[in-house]
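Spelled out from the first residue to the last, the chains are:
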Amino acid sequence: MSDAASIRALGIDAGSTTMKMVGVDAEGALVWHALEEMDPRIEAQAERLLDVVRADGCPDSLPLIATGYGRRLITRADRKVTEITCHARGVHRELGHGGTLIDIGGQDSKVIVVSEEGKVVNFSMNDKCAAGTGRFLEVVSGRLRMPMDAFADTALAADGEVGISSTCTVFAESEMISLLAHGAPVERIVRGLHRSLVQRVSALARGAGLRPPVMLSGGVARSRAIRTLLAETLRQEIVLPRHPQLMGAYGAALLALGA
Amino acid sequence: MTLGLAKYQHLAVSFLGRGALRYERLRQEAKLKRKGSWKSERFAPPLSTSPRLKELISLHYLKGRTADERGPVAWVTSGAPVEFLVALGYYVLYPENHGAVCGIRRVSEKISVHAEDAGYSRDLCSYARTDIGAALSGETPVGRLPRPDLLVACTNICQTVLLWYQVLAAHFRVPLVIIDTPFLYGEATERDIDFVRKQIEEAVAVAERVAGRSLSESRLMQVTRRSKEATELWLKVMETGKAKPAPITAFDEFIHMAPIVEMRGEQFTVDYYRAMLQELEARVRQGSGAVLRERKRLIWDNLPIWPRVRWLSEKLADRGVSLVASTYTNAWGELADLVDPEHPLESAAKVYLHPILNRGTGHKLATMEKMVRDYQADGVILHSDRSCKPYSIGQMDQRERLGTAAGVPALLLEADHNDPRSFSEEQAASRLAAFFEVLEA
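All figures in this text were calculated on a predicted structure; none of them were measured in a lab.

A. How the structure looks around the side chain of Arg 197 of chain B. All names here are of chain B. With respect to the element layout, Arg 197 can be found in helix H8 (residues 190–211). Residue classification places Arg 197 among the buried residues on the basis of a relative accessible area of 18%. Discounting residues that sit within four places of it in the chain, Arg 197 has contacts with Leu 345, Glu 346 and Ala 349.

B. Structural context of the sheet that holds strand E8 (residues 410–415) of chain B. All names here are of chain B. Strand order across the open sheet formed by 4 strands is E6-E5-E7-E8, with parallel pairing between neighbours. Of all strands in the sheet, those with a lone pairing partner are strand E6 (321–326) and E8, marking the two edges. Each strand of the sheet is rotated relative to its neighbour by a mean of 30°, with strand direction disregarded. By the bridge criterion, 4 bridges tie strand E5 (residues 296–301) to strand E7 (residues 379–385) in an arrangement that is parallel. When the bridges of E7 are listed, Leu 298 appears paired with Gly 379. The sheet contacts of helix H16 (residues 361–374) involve E5, E6 and E7, and relative to E5 the element is tilted by about 160°.

C. Just the packing of aromatic side chains, in detail. Residue and element names in this part refer to chain B. Here the structure, examined in full by the defined rule, presents 11 aromatic pairs over all chains. Each ring, one from Trp 75 and one from Phe 172, has its centre 5.1 Å from the other, and the planes form 70°; the classification is edge-to-face. With Trp 75 in strand E1 (residues 73–76) and Phe 172 in helix H7 (residues 160–172), this pair connects stretches of sequence that are 97 residues apart. As far as burial versus exposure is concerned, Trp 75 and Phe 172 are alike and both buried. Considering the side-chain rings of Phe 254 and Trp 300, the 6.3 Å spacing of their centres and the 70° angle between planes classify their relative orientation as edge-to-face. In this pair, Phe 254 sits in helix H10 (residues 250–256) while Trp 300 sits in strand E5, placing the two residues 46 residues apart along the sequence.

D. Geometry of the pairing of E7 of chain B. Residue and element names in this part refer to chain B. Taking burial as the measure, the 7 residues of E7 include 6 buried ones, the bulk of the element. Both E7 and E8 contribute to a ladder of 6 bridges, which runs parallel. Residue pairing across strands places Asp 385 opposite Ala 415, the latter belonging to E8.

E. Highlighting the interface of chain B and chain A. Taken together, the contact between chain B and chain A spans 18 residues of the former and 20 residues of the latter. Both sides together, the interface formed by chain B and chain A hides about 1,700 Å², and carbon and sulfur atoms give 47% of it. Contact with chain A buries surface across chain B, with Arg 399, Arg 431 and Glu 437 of chain B losing the most and accounting together for 30% of the total. Applying the counting criterion to the chain B and chain A interface returns 1 salt bridge. The residue Glu 426 of chain B makes a salt bridge to Arg 72 of chain A at a minimum N-O spacing of 2.5 Å. Take the side of chain B that touches chain A: its biggest share by element is 9 residues, from helix H19 (residues 425–440) of chain B.

F. Highlighting empty space enclosed by the protein. Residue and element names in this part refer to chain B. According to the stated counting rule, one finds 3 cavities of 30 Å³ or more in the structure shown. Here the largest cavity defines a volume of roughly 50 Å³. Around the largest cavity, the lining residues are His 10, Val 13, Ser 14, Arg 18, Leu 59, Leu 62, Lys 63, Thr 66 and Arg 70. For the lining of the largest cavity, the secondary-structure elements that each account for two or more residues are helix H1 (3–33) and helix H2 (50–67). For the lining of the largest cavity, a count of residues per class yields 3 nonpolar, 3 polar and 3 charged.

G. Up close: helix H6 (residues 126–137) of chain B. Residue and element names in this part refer to chain B. The end-to-end C-alpha distance of H6 is 16 Å, a good match for the 16 Å that 12 residues give at a rise of 1.5 Å each. Most of H6 sits out of view: 10 of its 12 residues are buried. Within H6, burial applies to Ser 126, Tyr 127, Ala 128, Arg 129, Thr 130, Asp 131, Ile 132, Gly 133, Ala 134 and Ala 135. Tucked into the core, H6 has its buried residues touching E1, helix H4 (95–104), helix H5 (108–117), H7 and helix H14 (327–330). Once H6 ends, the next one or two residues include Gly 138, with phi positive near 80°.

H. Structural detail: the layout of surface pockets. In this model, the second largest pocket occupies a volume close to 690 Å³. Taken together, 29 residues make up the lining of the second largest pocket; nearest its centre are Lys 128 of chain A together with Ser 384, Met 396, Leu 412 and Glu 414 of chain B. Considering each element in turn, the lining of the second largest pocket owes the most residues, 5 residues, to helix H6 (residues 186–207) of chain A. Tallied by class, the residues present in the lining of the second largest pocket amount to 11 nonpolar, 9 polar and 9 charged.

I. Up close: the environment of His 343 of chain B. All names here are of chain B. When you line up the elements, His 343 lands in the loop between H14 and helix H15 (344–351). Note on His 343: relative accessible area 48%, which makes it partly exposed. Between the alpha carbons of His 343 and Val 261 there is a distance of 21 Å; along the sequence they are 82 residues apart.

J. Quick peek at helix H5 (residues 169–181) of chain A. Residues and elements named next belong to chain A. The end-to-end C-alpha separation of H5 is 18 Å, in line with the 18 Å expected for 13 residues at 1.5 Å each. Tucked inside the fold, the buried residues of H5 contact helix H3 (134–143) and H6. After H5 finishes, the residue Gly 183 shows a positive phi value of roughly 85°.

K. Looking closely at the packing of H8 of chain B against H15 of chain B. All names here are of chain B. One way to put it is that H8 packs onto H15 with a least axis distance of 8 Å and a crossing angle of 120°. What the angle tells us is that H8 and H15 run oblique. Crossing of H8 against H15: the hand is right-handed. Contacts between H8 and H15 involve Ile 193, Val 196, Arg 197, Ile 200, Glu 201 and Val 204 on the former and, on the latter, Leu 345, Glu 346, Ala 348, Ala 349 and Lys 350. Taken together, the residues of the contact of H8 with H15 break down into 7 nonpolar, no polar and 4 charged.

L. Geometry of the environment of Gly 99 of chain A. Residue and element names in this part refer to chain A. Mapped onto the elements, Gly 99 comes out in strand E6 (residues 99–104). Judged by relative accessible area, which is 2%, Gly 99 ranks as buried. Taking C-alpha positions, Gly 99 is 23 Å from Gly 11, a pair spaced 88 residues apart along the chain. In this structure, Gly 99 is in contact with Ile 112, Val 113, Val 114, Arg 211, Pro 212, Pro 213 and Met 215, ignoring residues within four places of it in sequence.

M. Focus on the pattern of salt bridges. All names here are of chain B. Per the counting criterion, the structure on display carries 47 salt bridges over all chains. For Asp 318, the salt bridge is made with Arg 42, and the minimal N-O distance between the two is 2.6 Å. Note that Asp 318 is positioned in helix H13 (residues 309–318) and Arg 42 in the loop between H1 and H2, a separation of 276 residues in sequence. Assessed through its relative accessible area of 29%, Arg 42 is described here as partly exposed.

Conventions and cut-offs
- Residues numbered from 1 in each chain as written.
- Chains lettered and ligands numbered in written order.
- Predicted model: local features only at pLDDT ≥ 70, side-chain atom pairs only at ≥ 80, totals over all residues.
- Heavy atoms only, no water.
- Helix = DSSP H or I, 4+ residues; strand = E, 2+ residues; numbered from the N terminus.
- Buried < 20%, exposed > 50% of the residue type's maximum accessible area, 1.4 Å probe, protein only.
- Contact = heavy atoms within 4.5 Å.
- Pairing = 2+ DSSP bridges.
- Axes fitted to C-alpha atoms, helices over the stretch in contact; angles between N-to-C directions.
- Phe/Tyr/Trp six-rings, centres within 6.5 Å; stacked < 30°, edge-to-face > 60°.
- Buried area = accessible area lost by both parts, 1.4 Å probe.
- Salt bridge = Lys/Arg side-chain N within 4 Å of Asp/Glu carboxyl O.
- 1 Å grid on protein atoms, 1.4 Å probe; cavity = no way out; pocket = protein on both sides within 12 Å on 5 of 7 lines; lining within 4 Å.
- Points joined across faces, edges and corners; volume = space filled by probe spheres on them.
- Nonpolar A, V, L, I, M, F, W, Y, C, P; charged D, E, K, R; others polar.
- Expected span 1.5 Å × (residues − 1).
- Parallel < 35°, antiparallel > 145°, perpendicular 65-115°, else oblique.
- Left-handed = near helix turned anticlockwise from the far one by under 90°.

This is the structure:
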């Protein structure tokens, strides 16, 4: 955490699972960020993060844009913008090109087709079913008592894959339990679980009119297994920004800067 | 109930009811005329014909309350040929319209539950569930629905109606006529038209037998002429939406379409749309839009989300978005040219073969692309209707084609036309917010 004094605009992404705050300098470079688990008291949490950034030396009364599910509660924000626009903006600035952005968040997943100029051309959302979201990984890894990193490594180390046919998180969990009871190897099941999420997201991406390159943002982008399997299923290389989880907040900060 | 008492009740209801409805209309009309009585920052005042619409619909259902004690009653699907029934003196009830009334009045869920309790799956169309629920329980927001003497189901809108009307036939123990319309992937062949014409002729014979009277050809021609005239007027009404700003939105049309659907072939329907058209043309001349500060124009695909028409119209109007046309309301106008009053049965066969839902998804895409051009629209909202599979199928591809090939932003909005349980306000609001940003970028 440095360079807070050079911050000229701020973005807050109040997501379903985490809250992110990003500060950008006059050129729009990401110079400061914070990331916390989501607190149910959204506004108080945002205030606290603002105190933190000020304590780091950030000037007062900078432009601020809020995004994410909790954006409406952040009364201090000058404007509220949806995650779709913010993610597209952040990723386009970071990577310097358009393409298809897949954002897999804690409670939904989105596919955003971004033009070369950084505008949103089209988007698709899965907000009806947890099976294509980070929540799916949380539920099944929690059930296996595996931390997220180990969960991804296990999937990648597997020498095979067990198909998970259930289309719903809750039923996938019970399918996993009965597969374990039948003696199926854990690592193969874990790979199958990753595959099932990837297939859902891939279908969403194809439906939105996939336009390469494929870019990934959101918390789930941190999973190496998801990245690998997604590249395999879509037969596309996956381009990753440096901080996939911060792209919403970064885009919000860029919009606040007017950059 | 003795016949005498029934007649007395009917007279009391229709005499007093008519009077009350007329009084209410005059009151509303006077209110609309008073300057400053309309306060909205979103919308222009309602059309001065609106109170008349309310009177027409209320009167239709008021007549329905006792219709089965006075003459023959038919329940029909929204795409069924109705002119011969009107000419035979049937009181015609549209369960789909009644379903929409239940949706707008927010009682569709409560009534559907009666059907669900009887074992009908929630995956079944919410109109069918509302209708079967109403038939089983007798519950309705319109007082009472008349018992049918005849059921007419035409497959040009979906295949659900086949089984839905069989359920009704078993419940009411009345004859069911099915008119099967071959699906059109391209143009209709002579054989298709002949096939449908023969079925309509058979339907006429059944309807004559049930009604106990025979069809007068001149009366059928008269009804068909009125039907054509009203359809042409309705098309013109919708086409005023091409003006910028649009004097009418598709949300208004969802409400004002009731007469063209359920009162086709009546003179008062023709008169109603003529008056409405006049008023809209005047609004175009004055440059007054239905949505104040119209900034963006959208096309709507699929049925409305009846329980949320108002919510959605306000949500759009808040951002200066006017819904200038819809494939749904257009379906009751676009076939006007095919109606030929000189050959009523032959032309009915053609007309009822060609509804948008009986044609390929490519045709619907072409219709939407044309609408975008004609109405100078900035985008399309595709309502992915959980209940209406034939209307929703192909929307993923249609959205993709509109977006990438034609450069028209299109949003897929998941909901249901009549079941509020399949609608999530927060998620819909989220998608709309993102879509507005795309439109404004």
